[in-house]
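Here's the letter readout for the chains.
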Amino acid sequence: MTSFNRSTSRRLKKLTQIPSVWEGDRRPLSSPNQHSDSEAKGECILWVDYSQGIVRGMDVVASDIGPEAIVRTLMQAMEHPQSPARPARPQRIIVRDREIQFYLRGVLQDLDIAIDYAPELPLIDELFRGFTDILDSQTPDLPPQYAQILREKAFAIWQAAPWEFLQEQQILSIEINKWDVGTLYASVMGMLGMEYGILFYRSEESLKQFRAAVLTDEESTEHLEEAFLKQDCLFLTFESADETDEDEDEEGDLADLPLSEIDPTFGNIHPLEGLRSVLYDEEALVMFVALESLSRFIRDHRRQLHEDIFSTLSRRYRISLPQSESTKSVAVTVSTMSQLAAELEEMAGLDVDDQEIENLDFQSLQDDLIPEDSFLSLGVVSWEMLEYLRKGISYHPAGEIKQVDDGLPVILIQTSRPKAKIVIEKIEAAGGLRAICFNPGADPFDGDRYDLGLLQTQNGELFLFGEFLDEDPIHVEARKKWNQRCKNTKGYCGLIIAKGLTGASRGNPQLRDMMALFEGRSLSPKDLGIGTLQLMPQLKFE
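Remember, it's a predicted structure, so these values are computed and weren't measured experimentally.

What counts, and where the lines are drawn
- Residues numbered from 1 in each chain as written.
- Predicted model: local features only at pLDDT ≥ 70, side-chain atom pairs only at ≥ 80, totals over all residues.
- Heavy atoms only, no water.
- Helix = DSSP H or I, 4+ residues; strand = E, 2+ residues; numbered from the N terminus.
- Buried < 20%, exposed > 50% of the residue type's maximum accessible area, 1.4 Å probe, protein only.
- Contact = heavy atoms within 4.5 Å.
- Core = buried A, V, L, I, M, F, W, Y, C linked by side-chain atoms within 4.5 Å.
- Salt bridge = Lys/Arg side-chain N within 4 Å of Asp/Glu carboxyl O.
- Pairing = 2+ DSSP bridges.
- Axes fitted to C-alpha atoms, helices over the stretch in contact; angles between N-to-C directions.
- Phe/Tyr/Trp six-rings, centres within 6.5 Å; stacked < 30°, edge-to-face > 60°.
- Parallel < 35°, antiparallel > 145°, perpendicular 65-115°, else oblique.
- Left-handed = near helix turned anticlockwise from the far one by under 90°.
- Nonpolar A, V, L, I, M, F, W, Y, C, P; charged D, E, K, R; others polar.
- Patch = residues over 30% accessible without salt bridge, like charges linked within 9 Å, V, L, I, M, F, W, Y side chains within 5 Å.
- Areas by Shrake-Rupley, 256 points an atom, 1.4 Å probe, with all protein chains shown as cover.
- Lys, Arg positive; Asp, Glu negative; His and termini not counted.
- Charge placed at Lys NZ, Arg CZ, Asp CG, Glu CD.
- Expected span 1.5 Å × (residues − 1).
- Arc of directions from axis to C-beta.

## Quick notes on the overall build of the protein chain
Part 1 of the argument: For the protein chain, the count of helices and strands is 16 helices and 24 strands.
Part 2 of the argument: For the protein chain, buried positions account for 46% of its 542 residues.
Part 3 of the argument: When contacts within the protein chain are restricted to residue pairs at least 6 apart in sequence, those whose partners lie at least 24 apart make up 67%.

Pasting the structure below:
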């Protein structure tokens, strides 16, 4: 049995011993009426002064923590008691657990404290009855009978990831006509990788008012908060189950976490009620029907929803309700709202033509794809060499390329083998290479102008692969040759990823060093349509 150090015993014996009786116990925190086990909630340790009727020490611990925890809380009760108590040690302690009694007798044998047993502890019993009343009076976040099934539907939505192809303004209507709910208007959040979830507006008017309010004053935090609380909607959002510092949340994307670390949150927003992360029975049923019908619609129309044009789609479903309901099922119609999406885009100034949509189809310019120490060159691969590459390495074609001039213009990036594999995997995960472009860039701080090498992947993302000073004569000459070769191939070009940066072939990779060939199209700055990029603080072009 673990006992106090001699110095600790001497320190505790110096405390004034008061003629009082203390009660001590540890009990589960959860109420018997709650639908959760005590292990999930932990246990509460209490030390109270029965003579004075005050709590001297309290702690909450996991259920599997050993008896040492009750001693640690007792030490706090003696040396650092809760106000208004003063440091002291009692003459007598009473517990209602024989094992705890014998344990304390062994640990406290040098402190001249009597350790007794009693089947009931009046003051602690009264305190815990009060705790139980409080727990019983609390409304759970979800009605217990619907909690499990709602979480299952939420995880189904998370795995379907509608934010990968639906923008916030691409609204889906869900016609329910039950529980005093006519039609919900679903807005999907998450395409920008900032916050994932779905807002189910109860009216078009509420949705439009919120969008208009946000666009009116995007800079005012108070204005945005007021607009947020004036929404009339149900919501489902996703958060990290690991509640860490906010700084850590900013470093990673929630979508990169495994399903076990994702936590769905449900709630309601109303102008007169504000925000609450609680759903009542009818709201839980509405949310269940909305999520189930939405999941089916995404499953049935996933290919069409991935298309650039937000086409008109509609599907009717019969949703079976949980067995606890007297009504067995409800008919629901889910539809895309192309006209509303166009109105919202026009409201936000996003109404551009198809060519501009193609050119602007990227989320942000990223500079984390190509390793910083990579060797980079603009060159050409002969048609004979190209045939060898197509047969011998990972090859991603872009179409039928007519063999003209001396070969295919290529960007060659050489790095280490592990880093090359990561680059290849990232491009493949983004659907492959769509285009290569050189776009003007400027540094407003020193006046330098750059020619920025950009890769655009099939999912629309832009990646920076090189920064070249406009006045660099070597690059100017290489660009002239690049432009002429791309003109000869009708815009076709390629990207080669090679290993061997630290070997004998550094700067001159051989055929055996080539790991992947991605073919794509060459875009001019006008084709890309993003204008001159400004070098912003933190050394990133945005």
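Back to the write-up after that little detour.
## Regarding the nonpolar core
Part 1 of the argument: Judged by nonpolar contacts, the single largest core of 51 residues is most densely connected at Leu150, Ile174, Phe200, Phe238, Phe266 and Val289.
Part 2 of the argument: Among the elements that take part in this core, helix H10 (residues 281-306) stands out by supplying 12 residues, more than any other.
Part 3 of the argument: When sequence neighbours within four positions are dropped, the list of residues in contact with phenylalanine 266 reads Leu142, Leu150, Arg151, Ala154, Phe235, Leu236, Ser277, Val278, Leu279, Met287 and Leu291.
Part 4 of the argument: In terms of nonpolar packing, the next biggest core, distinct from the first, is built from 26 residues, Phe4, Val71, Tyr103 and Ile113 among them.

## What to know about the pattern of salt bridges
Part 1 of the argument: All chains considered together, the criterion is met by 25 salt bridges.
Part 2 of the argument: With a closest N to O distance of 3.8 Å, aspartate 112 and lysine 13 form a salt bridge. With aspartate 112 in the loop between helix H4 (98-107) and strand E5 (114-117) and lysine 13 in helix H1 (residues 6-13), this residue pair connects regions lying 99 residues apart in the sequence.
Part 3 of the argument: Overall, lysine 13 belongs to the partly exposed group, its relative accessible area being 38%.

## Here we look at the sheet that holds strand E3 (residues 54-61)
Part 1 of the argument: The strand order E3-E2-E1-E4-E5 describes an open sheet built from 5 strands, whose pairing is mixed. Every interior strand has two partners, whereas the edge strands, E3 and E5, have only one. Strand-to-strand twist in this sheet, taken as the mean axis angle between neighbours without regard to direction, amounts to 20 degrees.
Part 2 of the argument: Here 7 bridges tie strand E1 (residues 17-28) to strand E2 (residues 43-49), and the two strands are oriented antiparallel to one another. Counted as the bridge partner of arginine 26 is isoleucine 45 from E2.

## What to know about the packing of aromatic side chains
Part 1 of the argument: Tallying each qualifying case throughout the model produces 8 aromatic pairs.
Part 2 of the argument: Summarising the aromatic geometry, the rings of tryptophan 158 and tryptophan 163 are spaced 5.4 Å apart at their centres and angled 50 degrees between planes, so their arrangement reads as tilted.
Part 3 of the argument: Taken together, a centroid distance of 5.9 Å and an interplanar angle of 65 degrees make the contact between tryptophan 163 and phenylalanine 238 edge-to-face. With tryptophan 163 in the loop between helix H6 (144-160) and strand E6 (172-178) and phenylalanine 238 in strand E9 (residues 233-240), this residue pair connects regions lying 75 residues apart in the sequence.
Part 4 of the argument: With a relative accessible area of 4%, phenylalanine 238 lands in the buried category.

## Focus on the side chain of serine 206
Part 1 of the argument: Among the secondary structure elements, serine 206 is positioned in helix H7 (residues 204-216).
Part 2 of the argument: Non-local contacts of serine 206, meaning those with residues more than four positions away in its chain, are made with Tyr201, Lys230, Gln231 and Asp232.

## Comments concerning the packing of H1 against helix H3 (residues 68-79)
Part 1 of the argument: Running from N to C, H1 and H3 cross one another at 40 degrees; their axes reach a closest spacing of 11 Å. One element, H1, and the other, H3, form an angle in the oblique class. Crossing of H1 against H3: the hand is left-handed. On the side of H1, the interface is formed by Thr8, Arg11 and Leu12, while H3 contributes Met75, Met78 and Glu79.
Part 2 of the argument: Of the residues contributing to the contact of H1 with H3, the split by class is 3 nonpolar, 1 polar and 2 charged.

## Re a negative patch on the surface
Part 1 of the argument: Residues Asp367, Asp368, Glu372 and Glu467 make up a contiguous surface patch of negative charge.
Part 2 of the argument: Structurally, glutamate 467 is set in strand E20 (residues 462-469).
Part 3 of the argument: The class of glutamate 467 is partly exposed, set by a relative accessible area of 42%.

## Here we look at a nonpolar patch on the surface
Part 1 of the argument: A surface patch of nonpolar side chains, about 240 Å² in accessible area, is lined by Phe228, Leu229 and Leu275.
Part 2 of the argument: Mapped onto the elements of the fold, phenylalanine 228 is located in helix H8 (residues 221-229).
Part 3 of the argument: Assessed through its relative accessible area of 34%, phenylalanine 228 is described here as partly exposed.

## Re H7
Spacing of three or four residues puts side chains on the same side of an α-helix, whose turn is 3.6 residues.
Part 1 of the argument: In this model H7 runs 18 Å from its N-terminal to its C-terminal C-alpha over 13 residues, within 8% of the 18 Å that 1.5 Å per residue would give.
Part 2 of the argument: Residues Ser206, Leu207, Phe210, Arg211 and Ala213 constitute the buried set of H7. Summarising the axial view, the buried residues of H7 lie within an arc of 165 degrees, below the 170-degree limit, and thus occupy one face. Exposed and oriented more than 90 degrees from the buried face of H7 are Glu205 and Thr216.

Everything listed here is a matter of coordinates, which is why it stays silent on function.
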